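As a plain string of letters, each chain reads:
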Amino acid sequence: MDIEERIQQSETRIFKAVFPNTTNHYDTLFGGMAMQLMDEVAFIAATRFSRRRVVTVSSDRIDFNKSIPAGTIIELVARVIHVGNTSLKVSVDIYIEEMYSEFREKAITGTFTLVAVDEHKNPVKVI
Ligand SMILES: CCCCCCCCCCCCCCCC(=O)SCCNC(=O)CCNC(=O)[C@H](O)C(C)(C)COP(=O)(O)OP(=O)(O)OC[C@H]1O[C@@H](n2cnc3c(N)ncnc32)[C@H](O)[C@@H]1OP(=O)(O)O
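As a starting point, this report considers the structure included with it. Just so you know, these numbers come straight off a predicted model, no measurement behind them. (Residues numbered from 1 in each chain as written. Predicted model: local features only at pLDDT ≥ 70, side-chain atom pairs only at ≥ 80, totals over all residues. Heavy atoms only, no water.)

Along its 20 residues, helix H2 (residues 31–50) runs 28 Å from first to last C-alpha, staying within 8% of the 28 Å computed at 1.5 Å per residue. Of all the positions in H2, only Ala34, Leu37, Met38, Val41, Ala42, Ala45, Ala46, Phe49 and Ser50 are classed as buried. On its buried face, H2 sits against helix H1 (3–10), strand E1 (12–17), strand E2 (54–64), strand E3 (73–83), strand E4 (87–97) and strand E5 (104–116). (Helix = DSSP H or I, 4+ residues; strand = E, 2+ residues; numbered from the N terminus. Expected span 1.5 Å × (residues − 1). Buried < 20%, exposed > 50% of the residue type's maximum accessible area, 1.4 Å probe, protein only. Contact = heavy atoms within 4.5 Å.)

A few words on the packing of aromatic side chains. The way to describe two aromatic rings as a pair is by their centre distance and the angle between their planes. All chains considered together, the criterion is met by zero aromatic pairs. The cationic tip of arginine 6 hangs over the ring face of phenylalanine 49; the distance from NZ or CZ to the ring centre is 5.8 Å. When the ring centre of tyrosine 95 is taken as reference, the NZ or CZ atom of arginine 104 above it lies at 4.3 Å. (Phe/Tyr/Trp six-rings, centres within 6.5 Å; stacked < 30°, edge-to-face > 60°. Lys NZ or Arg CZ within 6 Å of the ring centre and 35° of its normal.)

The next point concerns the sheet that holds E2. Reading across from one edge, E1-E3-E4-E5-E2 is the order of the five strands in this open sheet, with antiparallel pairing throughout. Each end of this open sheet is capped by a strand with a single partner; those strands are E1 and E2. Across the sheet, the mean angle separating the axes of adjacent strands is 25° when strand polarity is ignored. Summarising the sheet, E3 and E4 pair through 10 bridges and their orientation is antiparallel. (Pairing = 2+ DSSP bridges. Axes fitted to C-alpha atoms, helices over the stretch in contact; angles between N-to-C directions.)

See the structure below:
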């Protein structure tokens, strides 16, 4: 499989309903929860790309452009955007979807770098 095919195949999408146990006192998704979900989907995409153990080494700028109200659906989309020697960069977008209309918009974007490691936690080639 070439790199472009691996990127296509490893694109990862997760849907969640935004329920009150994930929100803050503004009744919107807690930012730390958004970051945890972003790290998780980046981890899954990197793992599916490389099929190796990976750890997060860095997160680049994360933009919270829209708040995400309770009672909406979110979709997280993770995609490998750069393949290094032992590292991968993964972009993650979060979209908001209203439950009872077709309205959908991008709310949060960020980029994560993950490193493939061996059983001794030393970096290894990502593919
Ligand atoms: C309510 C609670 C419920 C909880 C429910 C949880 C569930 C929801 C979460 C699930 C999500 C799962 C997510 C798992 C992922 C972790 O959680 S991993 C845990 C956090 N991460 C760590 O502990 C990693 C700690 N860091 C390390 O061990 C070492 O830094 C590493 C990663 C092995 C790298 O070692 P190193 O000596 O820096 O290696 P080095 O050879 O210099 O660099 C290796 C590569 O990394 C790159 N690199 C190094 N540093 C950086 C940097 N700062 N920035 C960018 N690139 C870098 C280098 O450029 C190089 O890239 P290549 O040119 O080879 O492509």
